[in-house]
Amino acid sequence: MTGLVELLSDYTVQNVAMGAVLLGIASGVLGCFAVLRQQSLLGDTLAHAALPGVCIGFLIAGTRDMGWIMAGALGTSILAALFVLALTRRTRIKTDAGLGSALGLTFAAGVVLLTYIQGQSNASQGGLDTFLFGQAAATLRSDLWLMGGVTIAAVALVLGCWKQFKLVTFDPEFARAVGLPVALLETVLTAMIALAVVIGLQMVGVVLMTSMVIAPAVAARQWVKRLEHMVLLAVGVGIVSGLVGALISASVQNLATGPLVVLAATAIVAVSILLAPGRGVLWEQIRHWRDRRTIGQRQMLTTLYKLAAHHRDPDYPAETGMLDSFHGTRTQRALRQLQRRGLVEPVAHMPGEGRHWVLTEAGRREAERVLKTMTPEMA
Amino acid sequence: MALFSTLRKRAADSASYHGLHEPDLALHVEDLTVAYEGKPVLWDIDLNVPPGVMAAIIGPNGAGKSTLLKAVLGLARPTAGHVCIHGRSPRAQRRRIGYVPQRSSVDWDFPTTVLDVVMMGRYGHLGWLRWPGARERERARRALETVQMEHLAGRQISQLSGGQQQRVFLARALIQEADVYFLDEPMAGVDATTERVIVGLLKELRDAGKTVIVVHHDLQTVRDYFDWLAILNVRVVAQGRVADVYTGEHLKRAYGGRIALLEREAFEGPRGPDAPQENDA
Ligand SMILES: Nc1ncnc2c1ncn2[C@@H]1O[C@H](COP(=O)(O)OP(=O)(O)O)[C@@H](O)[C@H]1O
Ligand SMILES: [Mg+2]
């Protein structure tokens, strides 16, 4: 505990923590729209396409100036997005192939530029390669101001155009029909993925930045039933994973920040996919078992009821083997469960035959209730 | 001379844009052609629907019915022709148009509730920065009551049945408070209750003087539900009052050989005892 307090009173660590919070907010808010619009691969392309921009920004400024670097990254990211759009609209190339080509092209160009810059004997070239995987400890106060400004602008835009973004994401056709400028809104949403990438340059780096945008949204999606809540929760997940990753990398020498942040976010995703009520894998499995059990029991009840009705004998005893072959499966378990609920009871019929079953009074009532709730819509 | 013709052209443009063109018709489509990748999907469509009717658009799969609705709503770009709603371009009449797209056109796993989706019907009426508020919520609740779904207002949309999804879309169109409603196969794949609710509601709209235009898939119910009919297959095969247009001849022209089986069901069955029988002659 004292270790944590000490860590947090450190000036660099404070910077890192604030950077993590800003990154969490930006990627949480913007990632939700990217995930719901199924643009993960586009996000990956935009992130890799930021690398040549980083180098160009550096070359223009002549030093490691964050303002120029962010502007350059934003520029090449958006150019890549436009390139993919034109490629898929004008040619027969499919979107995923277009995105894949753009990713390879821009990232290769970025690495070439990077090695070119590092080959020059310039003292201020220091550590451009940290933008590959991020280096939280290198965050300066001035960087935070830039990150904060971009984050606030992005969040303000989302709040201002909330209903438009929501409708365009859910039902773009209806959005057009009611008169929203859908093409413009979609372009802005795409450009905002590039904004998130730029905010994450310092902390996570270009290689893993999509995961940072996507993961909090994917985790949040598991727990909520409204977009408003999804965005808030994604912000929370983003902040927590940013902080965890950044603090670990600050306290253990030479651990890369970006991968740690992404590992933290991915761990939260894994837990969410497993455990989230309603959508989690575990929950679904349990519901599946439970459904199978109750459906089995219900079917058994109605079968017994119909058999009795068919024989005009409310106490008609049905033999287990006959019920097995009617349902095409072993029915012993369902019958025992119904017996425990007091809905059926075994009766002695003829010696040498298998066990026979009859409905109890409660069983008959339950069977009638089940039959009544079986609407044609369910059938 | 050149100046004069430019001026005249401009006057004609603004007349068709700001003035009224065929104001007595709820929907007027003239010479409309829509092509996807050079292949015409709709060709030379002329279509007129008077106000206050409940009209069906029928035609085989791929006939261009959905495309026609999209072109009319400005969602698909026509290569030729024009569309007027109550005498003006659809763009100018946006607030007088209600739209129920095909149910399959959205991802129903989107994180939102029934009430939220219904409120989207007001988004086009709200100011740019305004968030939907209490008034919109109240309207949405009333629309949900109309489609008998008020008890599901807070439900996540991924948990709806097909019929319920369709009623949510209908409620969303209702709070658009339009004069002309366009619906794309609202009764396809829904349960009997939903179909009854939808048809009842559409008839109410028509009786209140609105125009209801429905892409319909079920030939059996055309005569029960509708009073106006357009039969479509890339071109318009026939249009007018259902009684005049719903004939085996027209259906055969639209559906080709595939109608042969259906025809017996739809025409010989319901024919009254006083209808002339061919084998009597
Ligand atoms: N976005 C599109 N791009 C290319 N072809 C399309 C597109 N939408 C529809 N089509 C084609 O246009 C034709 C008409 O489609 P549609 O209007 O959906 O028919 P309907 O609704 O009558 O079944 C079909 O052959 C379909 O394949
Ligand atoms: Mg269609």
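Residues numbered from 1 in each chain as written. Chains lettered and ligands numbered in written order. Predicted model: local features only at pLDDT ≥ 70, side-chain atom pairs only at ≥ 80, totals over all residues. Heavy atoms only, no water.

Engineer: Before we move on, could you go through the overall build of chain B and cite the residues and values that matter?
Structural biologist: A count of helical and extended segments in chain B gives ten helices and nine strands. Taken over 281 residues, chain B has a buried fraction of 51%. In chain B, of all internal contacts separated by at least 6 residues, the share reaching a separation of at least 24 is 69%. Split by element, the accessible area of chain B, about 13,600 Å² in all, is 49% carbon and sulfur. (Helix = DSSP H or I, 4+ residues; strand = E, 2+ residues; numbered from the N terminus. Buried < 20%, exposed > 50% of the residue type's maximum accessible area, 1.4 Å probe, protein only. Contact = heavy atoms within 4.5 Å. Areas by Shrake-Rupley, 256 points an atom, 1.4 Å probe, with all protein chains shown as cover.)

Engineer: Any chance you could break down the domain arrangement of chain A for me, citing the residues and the numbers?
Structural biologist: Its domain assignment divides chain A into domain 1 (2-273) and domain 2 (283-373). The C-alpha-based centres of domain 1 of chain A and domain 2 of chain A are spaced at 58 Å. (Domains from an automatic or database assignment.)

Engineer: Tell me what's going on with the packing of aromatic side chains, and back it up with residues and numbers.
Structural biologist: In the structure shown here, the tally under the stated rule is seven aromatic pairs over all chains. Centroid distance W162(A) to W131(B): 5.7 Å. Interplanar angle 10°. Geometry classified as stacked. In this pair, W162(A) sits in helix 9 (residues 162-170) while W131(B) sits in the loop between helix 3 (114-119) and helix 4 (134-146), so the two residues belong to two different chains. On the basis of relative accessibility, which here comes to 5%, the residue W162(A) falls in the buried class. Owing to a relative accessible area of 40%, W131(B) belongs among the partly exposed residues under this scheme. Taken together, a centroid distance of 5.2 Å and an interplanar angle of 50° make the contact between F170(A) and F110(B) tilted. Pair noted here: F170(A) is in helix 9 and F110(B) is in the loop between strand 5 (97-100) and helix 3, and the two residues belong to different chains. For the pair F170(A) and F110(B), one class covers both residues: buried. (Phe/Tyr/Trp six-rings, centres within 6.5 Å; stacked < 30°, edge-to-face > 60°.)

Engineer: Residue-level account of a nonpolar patch on the surface, with values.
Structural biologist: All names here are of chain A. Together, W223, L233, V271, I273, L274, L275, V281, L282, I286 and W289 make up a nonpolar patch on the protein surface, roughly 900 Å² of accessible area in all. Looking at the nonpolar patch, the elements with two or more residues in it are helix 14 (257-275) and helix 15 (281-310). Structurally, the position occupied by L282 is in helix 15. (Patch = residues over 30% accessible without salt bridge, like charges linked within 9 Å, V, L, I, M, F, W, Y side chains within 5 Å. Salt bridge = Lys/Arg side-chain N within 4 Å of Asp/Glu carboxyl O.)

Engineer: Residues and numbers for the site of ligand 1, please.
Structural biologist: Residue and element names in this part refer to chain B. Within the structure, ligand 1 sits among Y36, V41, P60, N61, G62, A63, G64, K65, S66 and T67. One of the backbone N or O atoms of G62 is found 2.8 Å from an oxygen atom in ligand 1. In isolation ligand 1 exposes 560 Å². Once the protein is present, 59% of that is buried. In terms of residue count, helix 2 (residues 65-72) provides more of the shell around ligand 1 than any other element does, three residues in total. (Near = heavy atom within 4 Å. Polar contact = N/O pair within 3.5 Å; in protein donor to acceptor, adjacent residues only side chain to side chain.)

Engineer: Got a sec to walk through the environment of A254(B)? Specific residues and values, please.
Structural biologist: Residues and elements named next belong to chain B. Mapped onto the secondary structure, A254 falls in helix 9 (residues 248-255). Since its relative accessible area comes to 3%, A254 is described here as buried. Considered as a pair, A254 and A238 are 16 residues apart in the sequence and their alpha carbons are 9.0 Å apart.

Engineer: Please give an account of the pattern of salt bridges that cites residues and values.
Structural biologist: The tally for this structure, following the rule as stated, stands at 22 salt bridges over all chains. When salt bridges with common partners are traced through the structure, they connect K166(A), R226(A), E228(A) and D116(B) into a single cluster.

Engineer: I'd love a proper account of the nonpolar core, names of residues and values included.
Structural biologist: Grouped together as the largest cluster of nonpolar side chains are 165 residues, with contacts concentrated most on L27(B) and F182(B). Here this core takes twelve residues from helix 2 (residues 11-36) of chain A, the largest share from any one element. In this view, L27(B) contacts L47(B), N48(B), V49(B), V72(B), V83(B), C84(B), I85(B), F182(B) and I213(B); residues no more than four positions away in its chain are not counted. L301(A), L307(A), L323(A) and V344(A) belong to the second-largest nonpolar core, a separate cluster that totals 15 residues. (Core = buried A, V, L, I, M, F, W, Y, C linked by side-chain atoms within 4.5 Å.)

Engineer: Which residues make up the pairing of strand 5 of chain B, and what values go with them?
Structural biologist: In regular strands, side chains alternate between the two faces of the sheet. Residues and elements named next belong to chain B. With burial as the criterion, each face of strand 5 is covered, one bearing I97 and Y99 and the other bearing G98 and V100. One ladder, built from four bridges, connects strand 5 with strand 6 (residues 180-184); its direction is parallel. By the bridge assignment, I97 is partnered in strand 6 with V180. (Pairing = 2+ DSSP bridges.)

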